[in-house]
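# Report on the structure
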Amino acid sequence: MKTVDPTMQNYFDDIDLGDEFEDEWTPDMEQVLGYLGLEGDALGSGGGPGDGRFTDPEGAKKLGFPKPIVPGAFSLSRLTKLVTDWIGTGGTVEFVDVNFRRPVLHDDALKVLGLVTDTEEGDGSGTVKLDIYLENERGERPLQGTAVVQLPKR
């Protein structure tokens, strides 16, 4: 399994079915606050915006979560970043489609993973289909889906 290097360009000619690539991510309160555009002192005693599920341990527990959860769009953005880093600046993303299966919790140690499942050669570029997912330390996959990208040929 390869770690993604965003400074490298992947080329269609170098891709094989079954290639895997990964990154790691441990979302914490500071990252979630930054994503939501908040700072710690903006939370006050209310635990943050809305019902507190993203920023307040007590609010999250009232909703049945063991601790605050990461906004789904933030988790999706990290999964999409894996894909865009992997394809490099010469590639393009055709689409990303995911299913949200369970919440991502603050401080989950996550693997952000991609797997090449199909390739199709074209003129000047090639289409690559990927399975993509987040996997936590409990072996669960809170987000999983597919992506289709175009990679340049050498």
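Residues numbered from 1 in each chain as written. Predicted model: local features only at pLDDT ≥ 70, side-chain atom pairs only at ≥ 80, totals over all residues. Heavy atoms only, no water.

Turning our eyes to something else, we now look at the pattern of salt bridges. Evaluated as defined, the whole model comprises eight salt bridges. One salt bridge in this structure joins Asp14 and Arg154, with 2.6 Å as the shortest N-O distance. Of this pair, Asp14 sits in the loop between strand E1 (2-3) and strand E2 (20-25) while Arg154 sits in the segment after strand E6 (143-152), placing them 140 residues apart in sequence. The exposure class of Asp14 is partly exposed, given its relative accessible area of 38%. With a closest N to O distance of 2.6 Å, Asp85 and Lys81 form a salt bridge. Pair noted here: Asp85 and Lys81 are both in helix H3 (residues 72-87), with a separation of four residues, about one helical turn. Classification of Lys81 as partly exposed rests on a relative accessible area of 39%. One connected set of salt bridges, linked through shared partners, spans Arg102, Asp108, Glu137, Arg138 and Glu140. (Salt bridge = Lys/Arg side-chain N within 4 Å of Asp/Glu carboxyl O. Helix = DSSP H or I, 4+ residues; strand = E, 2+ residues; numbered from the N terminus. Buried < 20%, exposed > 50% of the residue type's maximum accessible area, 1.4 Å probe, protein only.)

Next up on the list: the nonpolar core. The biggest cluster of nonpolar side chains holds 26 residues, and the ones touching the most others in it are Trp86, Val128, Leu130, Leu134, Val149 and Leu151. For this core, the secondary-structure elements that each account for two or more residues are E2, H3, strand E4 (110-121), strand E5 (125-135) and E6. Setting aside residues no more than four positions away along its own chain, Val149 makes contact with Val83, Trp86, Ile87, Thr92, Val93, Glu94, Gly126, Thr127, Val128 and Leu130. (Core = buried A, V, L, I, M, F, W, Y, C linked by side-chain atoms within 4.5 Å. Contact = heavy atoms within 4.5 Å.)

This part takes up the pairing of E6. The buried fraction of E6 amounts to eight of the 10 residues, a majority that puts the element mostly inside the structure. Sheet analysis places strand E3 (residues 92-100) next to E6, joined by eight bridges and oriented antiparallel. Bridge pairing in E6 links Phe95 to Val148. Summarising the sheet, E5 and E6 pair through 10 bridges and their orientation is antiparallel. From the neighbouring strand, Lys129 faces E6, where its bridge partner is Val148. (Pairing = 2+ DSSP bridges.)

A word on the environment of Leu105. By secondary structure assignment, the location of Leu105 is in the loop between E3 and E4. What makes Leu105 buried here is its relative accessible area of 10%. Setting aside chain neighbours within four positions, we find Leu105 in contact with Pro27, Pro66, Lys67, Pro68, Ile69, Val70 and Arg138.

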